[in-house]
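What follows is each chain in one-letter form.
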There are 4 protein chains.
Amino acid sequence: MIRFNNDYSSGAIPEILEALKETNETRYESYGLDELCEEAADLIRSACGCSGKDADVHFAVGGTQANFLVISSALRSFQSVIAADTSHIHCHETGAVENTGHKIEVIFGKDGKLSSEQVRAKADAYRRSSIPEHITQPKLVYLSFPTETGTLYSKSELTSIREVCLEYGLYLFVDGARMAYGLGSEKNDLTLADFARLTDAFTVGGTKCGALFGEAVVLTHPALCEDFRSVIKQHGAMLAKGWLSGLQFSVLFRNGKYLELGKYACGLASLLRNAFLEKGIPLCPDSPTNQLFVRLTRKQKEIIEKDFIFEPEDESEDGTTVVRFCTSWYTKPEDVSVLRQAILELPQ
Amino acid sequence: MIRFNNDYSSGAIPEILEALKETNETRYESYGLDELCEEAADLIRSACGCSGKDADVHFAVGGTQANFLVISSALRSFQSVIAADTSHIHCHETGAVENTGHKIEVIFGKDGKLSSEQVRAKADAYRRSSIPEHITQPKLVYLSFPTETGTLYSKSELTSIREVCLEYGLYLFVDGARMAYGLGSEKNDLTLADFARLTDAFTVGGTKCGALFGEAVVLTHPALCEDFRSVIKQHGAMLAKGWLSGLQFSVLFRNGKYLELGKYACGLASLLRNAFLEKGIPLCPDSPTNQLFVRLTRKQKEIIEKDFIFEPEDESEDGTTVVRFCTSWYTKPEDVSVLRQAILELPQ
Amino acid sequence: MIRFNNDYSSGAIPEILEALKETNETRYESYGLDELCEEAADLIRSACGCSGKDADVHFAVGGTQANFLVISSALRSFQSVIAADTSHIHCHETGAVENTGHKIEVIFGKDGKLSSEQVRAKADAYRRSSIPEHITQPKLVYLSFPTETGTLYSKSELTSIREVCLEYGLYLFVDGARMAYGLGSEKNDLTLADFARLTDAFTVGGTKCGALFGEAVVLTHPALCEDFRSVIKQHGAMLAKGWLSGLQFSVLFRNGKYLELGKYACGLASLLRNAFLEKGIPLCPDSPTNQLFVRLTRKQKEIIEKDFIFEPEDESEDGTTVVRFCTSWYTKPEDVSVLRQAILELPQ
Amino acid sequence: MIRFNNDYSSGAIPEILEALKETNETRYESYGLDELCEEAADLIRSACGCSGKDADVHFAVGGTQANFLVISSALRSFQSVIAADTSHIHCHETGAVENTGHKIEVIFGKDGKLSSEQVRAKADAYRRSSIPEHITQPKLVYLSFPTETGTLYSKSELTSIREVCLEYGLYLFVDGARMAYGLGSEKNDLTLADFARLTDAFTVGGTKCGALFGEAVVLTHPALCEDFRSVIKQHGAMLAKGWLSGLQFSVLFRNGKYLELGKYACGLASLLRNAFLEKGIPLCPDSPTNQLFVRLTRKQKEIIEKDFIFEPEDESEDGTTVVRFCTSWYTKPEDVSVLRQAILELPQ
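Scoring rules and cut-offs
Residues numbered from 1 in each chain as written. Chains lettered and ligands numbered in written order. Predicted model: local features only at pLDDT ≥ 70, side-chain atom pairs only at ≥ 80, totals over all residues. Helix = DSSP H or I, 4+ residues; strand = E, 2+ residues; numbered from the N terminus. Contact = placed C-beta atoms within 7 Å. Least-squares fit on C-alpha atoms with pLDDT ≥ 70 in both. Domains from an automatic or database assignment. Nonpolar A, V, L, I, M, F, W, Y, C, P; charged D, E, K, R; others polar. Axes fitted to C-alpha atoms, helices over the stretch in contact; angles between N-to-C directions. Parallel < 35°, antiparallel > 145°, perpendicular 65-115°, else oblique. Left-handed = near helix turned anticlockwise from the far one by under 90°. Expected span 1.5 Å × (residues − 1). Buried ≥ 20, exposed ≤ 12 C-beta atoms within 10 Å, placed from the backbone. Arc of directions from axis to C-beta. Pairing = 2+ DSSP bridges. pLDDT = per-residue confidence, 0-100.

A. The overall build of chain A, seen in detail. Across its full length, chain A carries 15 helices and 12 strands. Along the longest, intermediate and shortest principal axes, the C-alpha atoms of chain A span 60 × 55 × 35 Å. Considering only intrachain contacts with a sequence separation of at least 6, the fraction spanning at least 24 residues in chain A is 75%.

Listed below in structure tokens is the structure:
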């Protein structure tokens, strides 16, 4: 069985394991106050075209944690998050945002994305409300890059959303758990510098992008920077051996490694996408990143699942099933070839 | 200007003010441990066909409070509420349920109501989930009687939902902020005894049904009864002068007063409903209780709002507007006559 | 049996009941947006020497609620409250403040009071901490006026605390659940105008001071004013019939009634205090307000409890017990005479 | 400079790094559902003399996280934790427990420990309370083994506390962040099997005891086991690559490694303790584990801090300072020799 079910079922890039070994006997300051965290923060800022006064960089252990840290830190109790119906915080985090006290105001997006018009409509409904205190106050827009369905916001789309946010006083927060696979896509026209410029906070995922674990949290809005370490510690997100995060992100951001990992996985996904297209198997939606969602007939699914592990959704009433295939930094080209061949041999 | 905008813009039934005056110099035990609270609880239990061992009765000050007290007391942090998209807790309570840490899993209902099939589908999706810990665990079904759009569950519908709840281990909680207007409707076939038998908790509204303020909370499930007074106190919902609640509900539940108030308001609403029907003005949806939702043309709306206060929603793109007219225990028959006449004189 | 156990076991001053009756058929705007709330706010501001731009006035139903509304609205998640070990929020509110997510940093006070030195020490410990993110950040000082043991802060003491708060960026919040009995004490040198000038927020109690229920919340710090109505609504503290609060505080603040009620009760308490002193019964501590704490021998306690209801603490190992006697706006002078006589006849 | 300031400033035991390397290309199930987590759980259960039906074993990333996961999962909103004034949850976790909504009822312990009498007194005060709903309900006793001051509970002490817990229906939870150094002490008479038998939940620390990170959470009370994975996920404590925890604890619990690490560090600490005793430097308190607290004169402190890093508390008014020296699994014997010599050469 060959695994294409997700992008977090293998360890880390070898350079990280080597760095762990090399530094194992070094004694570091704890709680993230060490030189490796400083180096990683500098490297990330540099990749973002930022200096230390433009952006704070912190590290969380996982994505759910990074999301609720930023959101709960940013909001007062009656303020809410605007997010897509397919968003990770709404669908896959066990109500973690609500557990910190905040409602998610859901928007039904297209291909997993919010439009600036939808954000405006939501913000405007609050502004026009005669008794606004009966509803939550939208204060932060959450979006994912790439989205949970593998799609990407263009620079133009992100800029439009940003403008609405500025007009209505909303924070813009981007969940970049798969940031490498967004940046590494052929279709992408956004850079980390764009995210630093256009958002108030975003994450740069390590867990799915070459590290053992860890998400970097980049904060550019001064209000979000204040006392963020207290928020991290209170929520159990501050590693005693904080340098483990710093070490991993230092390795990922030296010499363009992070972007390289993303490109690699997107390239492999592209080969699979072409095979599906060639075969006339529907893409749901079409994705230019490392996650491919396709609709298989029951027969096709039965054949493929003999040799490959992938992630199926519920079967539709017509007997077809949308399934996800993921490539990643650790996917082997030969495994892609085998899957590609299998796709091309599928019955219609 | 005559007010039909809501059912909470006037004081209390005269009997309540008289009772306040009569008891003003009596010294009572505080925090709801007085004889008036005991009497009210007994009267409500009696109206529910319950004895003291079947049901606990507590008092909250308002509806939002009553809702989050019951819900937050019933649920563990990762458990969620199943509720309709139109539900009060989802739309009009400033994210109060989420503020206590719980997600609301929204179902798009018909005429403001959930169906047992919808509840089953939601509960079943959790049960069938391969990694359920990534999503919230539905544990309580919230519904309103009457609903926020004035409609009613039938005994058969409520029984079906109850059966699903029992099958999936869900609590069933009914928000009865307008209970009097549900019980008092000609179309209703449910009794308080049915609610006591078919639900785990429900409220009996006072604020909108004759009292100055107050909601009775009836708890029938033993797990919900435990230490509920601590929950009340912790959330600032325990009146020092608790007898004020007991007094009001005692008055409302002596001699069938509560039901009488409901019938009165429903009867007046029925006159208005007939006028709308006669005129061909669409009911959205058709309601057998004290709230009427109708779709007016811009012209009709402009005429009516010269003399009457009502509650409009946003104007639709076609220029029509859905508006709400409420009757209540304090609505004057002569005001209904005037409005009735005005409706009948509207242009098409 | 004559009750001296607390100051919240009787209804309201007659003027309030009359006002309720007079306005019972008037139709008001709901949710506190009515003219009675406006009048009450204006009267309270006027009593505080404030204009509308200096102070916002809101109404809560009870004291626990008022406390956690202000505190939770003011603080970020990792910020804490500095309060005395005897404080109401620490001892008698079922962990309501903690339930909103905030730690109370306890200081052991003298006679129920914090000193400015103690507050400074606490704030300074945080400032000097090498890794402050491991501890909570003190951000709000809570004190009660009168305190839970009946004592008063002097203007000089309050001013000193205020100066420390300004120096360390702490909010100062005063719980005035018994404000009338503080203002009405012969020993008091503070005015409502002083509280408005020296604090960021304070409450003016109605429940224990002549009303059926209700606490006025006066906010003078701009940051605390922002969106406070959303906080109220979310926590179930917004009465649908908000004018009930406005009506009561309007009555209390017309013609100096509130102060008069306080003076009345303090005067009666003073008579009792003199009797205890005359008898050599220890005051624990000595209180110039409506609550008297005295240490009775077992014999004395047994005699007094035959005819009077009061509030005992746990018996000490030496067999004595500290007990509380309360006077209030509704205490009858003849009852005080009887108790006075009984005290004077006690054995040593 | 030689570091003795804490036990978490170096990487992991070499066996862990080797295992990481060996398994780096293996594809595992994610979210802790892998065979390494299963192996680790089995090894820990075996060390506890438990079978799968006796105890659930989960993994958290850090100690603060493990503590609030267990506590918040166990308690209803109005329930509180009984803990010592020196406890980690009270002093060093940024109010994390309060942030989950729960008050900590503080007991002033001796040498960092609670006594069964103190626990009984607290629980009994609640039981005897006339209106218990005004105070929090103690429901869980938290204690640390070893304590934050390096001391140990004896089997007899723990058994006494357990008996009180059973009598009053309290959960008993032991924070074992430094469990290895408790088990490894010469003075210790408790085993993991004792903890499994005498508590409802306890943690087995990895972060300070040989791992890169991670705490094992052992749950023996059935009520605490239910849906604990949902609690973990909701609080961002579930690693996508969960096997990283399983791998580390498997290594630690194979062949008695964990106990060996503890013994090693305690042995080195004992050498230092003897030096302090020999020199007449006061132990505050006397500790049989890897943390030593001693009171140094200003002169002594100045001499020692030239070559060694340790953790000082605030200087006392008499100019002395209590400081902490830690040994650990990675402390080098030669460094201990150097420090030992330095101690012996200190002036009085």
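So much for the structure itself; the text now carries on.
B. Quick look at the relation of the copies chain D and chain A. Mapping chain D onto chain A calls for a rotation angle of 180° and an axial translation of 0.0 Å; the resulting RMSD is 0.0 Å. The superposition operator between the copies reduces to a two-fold rotation axis. When you check the interface residues of chain D against chain A, 100% turn up at the interface there too, and the contact is symmetric in its surfaces.

C. Spotlight on the domain arrangement of chain A. Residue and element names in this part refer to chain A. Taken domain by domain, chain A holds domain 1 (2–7 + 258–344) and domain 2 (14–256). Each of domain 1 and domain 2 has a C-alpha centre, and the two are 27 Å apart. The interface is formed by 18 residues belonging to domain 1 together with 21 residues belonging to domain 2. Listing elements by their share of the side of domain 1 that touches domain 2, those giving two or more residues are helix H13 (257–279) and strand S9 (291–296). Element by element, the count of residues in the side of domain 1 that touches domain 2 is highest for H13, at eight residues.

D. Spatial organisation of the interface of chain D and chain A. Between chain D and chain A, the residue contacts involve 37 residues of the former and 37 residues of the latter. Those elements that provide at least two residues to the side of chain D that touches chain A are helix H1 (14–22), helix H3 (63–74), helix H5 (96–99) and helix H11 (228–234) of chain D. Grouping the constituent residues of the side of chain D that touches chain A by class yields 14 nonpolar, 17 polar and six charged.

E. How the structure looks around the packing of H1(D) against helix H12 (residues 243–253) of chain D. Residue and element names in this part refer to chain D. Running from amino to carboxyl end, H1 crosses H12 at an angle of 135°, the nearest separation of the two axes being 9 Å. Compared by their axis directions, H1 and H12 come out oblique. You can see that H1 and H12 cross each other, and the crossing is right-handed. Two secondary-structure elements touch here, H1 through Glu15, Ile16, Ala19 and Leu20 and H12 through Leu247, Gln248 and Val251. Residues belonging to the contact of H1 with H12 are distributed by class as follows: five nonpolar, one polar and one charged.

F. Local environment of helix H6 (residues 116–128) of chain B. All names here are of chain B. Compared with the 18 Å implied by 1.5 Å per residue over 13 residues, the 18 Å span of H6 between its first and last C-alpha is a close match. Every buried residue belonging to H6 is among Val119, Lys122 and Ala123, and all of these are buried. Relative to the axis of H6, the buried residues are bounded by an arc of 90° and lie together on one face. Along H6, exposed side chains directed more than 90 degrees from the buried face belong to Glu117 and Arg128. Those residues of H6 hidden inside the fold are in contact with strand S3 (79–84), strand S4 (104–107), strand S5 (137–144) and helix H7 (155–168).

G. How the structure looks around the pairing of strand S8 (residues 215–219) of chain D. Residue and element names in this part refer to chain D. Judged by how many residues are buried, S8 sits mostly within the fold: five of five residues are covered. In S8, alternate side chains face the same way, and those of Glu215, Val217 and Leu219 on one face and Ala216 and Val218 on the other are all buried. Pairing geometry for strand S2 (residues 56–60) and S8, over five bridges, is antiparallel. Across the sheet, the residue bridging to aspartate 56 is leucine 219, located in S8. Pairing geometry for strand S7 (residues 201–205) and S8, over five bridges, is antiparallel. Bridge pairing links valine 204 to alanine 216 in S8.

H. View of the sheet that holds S9(A). Residue and element names in this part refer to chain A. Strand order across the open sheet formed by three strands is S9-S12-S11, with antiparallel pairing between neighbours. Each of the sheet's edge strands pairs with one partner strand only, and the pair in question is S9 and strand S11 (311–315). Between one strand and the next, the sheet's axes are offset by a mean angle of 20°, whatever the strand orientation. Sheet analysis places S11 next to strand S12 (residues 321–326), joined by three bridges and oriented antiparallel. Within S12, the residue paired with glutamate 315 across the bridge is threonine 321.

I. Expanded view of the relation of the copies chain C and chain A. Once turned by 180° and shifted 0.0 Å along the axis, chain C lies on chain A with an RMSD of 0.0 Å. In this assembly, 100% of the residues forming the interface of chain C have copies in chain A that are likewise at the interface, indicating an isologous arrangement.

J. Structural context of unusual backbone geometry. All names here are of chain B. For the bond running from phenylalanine 145 to proline 146, omega is -10°, close enough to zero to count as cis. Among the structural elements, proline 146 can be located in the loop between S5 and H7. In this model, cysteine 284 is joined to proline 285 through a cis peptide bond whose omega is -5°. When you line up the elements, proline 285 lands in the loop between helix H13 (257–279) and strand S9 (291–296). Backbone geometry places asparagine 255, a non-glycine residue, at a positive phi of 55°. With respect to the helices and strands, the residue asparagine 255 is situated in the loop between helix H12 (243–253) and H13.

K. Up close: the environment of A:Ile131. Relative to the assigned elements, A:Ile131 resides in the loop between helix H6 (116–128) and strand S5 (137–144). With 14 C-beta atoms counted inside 10 Å, the residue A:Ile131 sits in the partly exposed group.

L. Seen up close, the environment of D:Gly150. Residues and elements named next belong to chain D. Locating glycine 150 in the fold gives a position in the loop between strand S5 (137–144) and helix H7 (155–168). Taking the C-alpha atoms as reference points, glycine 150 and proline 285, separated by 135 residues in sequence, lie 8.0 Å from one another. Beyond its immediate chain neighbours, meaning those up to four positions away, glycine 150 contacts Ser287, Thr289, Gln291, Leu292 and Phe293.

M. Quick look at the sheet that holds strand S2 (residues 56–60) of chain C. Residue and element names in this part refer to chain C. The strand order across the open sheet built from seven strands is S2-S8-S7-S6-S5-S3-S4, with neighbouring strands paired in mixed fashion. In the strand order of this sheet, the two ends are held by S2 and strand S4 (104–107), each with one partner. Adjacent strand axes in the sheet meet at a mean angle of 25° when their direction is disregarded. Sheet analysis places strand S5 (residues 137–144) next to strand S6 (residues 171–175), joined by five bridges and oriented parallel. Residue pairing across strands places valine 141 opposite leucine 172, the latter belonging to S6. The strands touched by helix H2 (residues 35–47) are S2, strand S7 (201–205) and strand S8 (215–219); relative to S2, the strand with the most contacts, the crossing angle is about 120°. Its contacts with the sheet put helix H7 (residues 155–168) on S5 and S6, and the angle it makes with S6 is roughly 145°.

N. Up close: the environment of D:Arg197. Examined against the element boundaries, D:Arg197 turns out to sit in helix H9 (residues 192–198). Between the C-alpha atom of D:Arg197 and that of D:Gly49, which follows or precedes it by 148 residues, the distance is 9.1 Å.

O. Spatial organisation of the confidence of the model for chain A. On average, residues of chain A score 97 in pLDDT, and 100% of them reach the 70 mark or higher. Taken over the whole predicted complex, pTM reads 0.98, whereas the ipTM for its chain interfaces reads 0.97.

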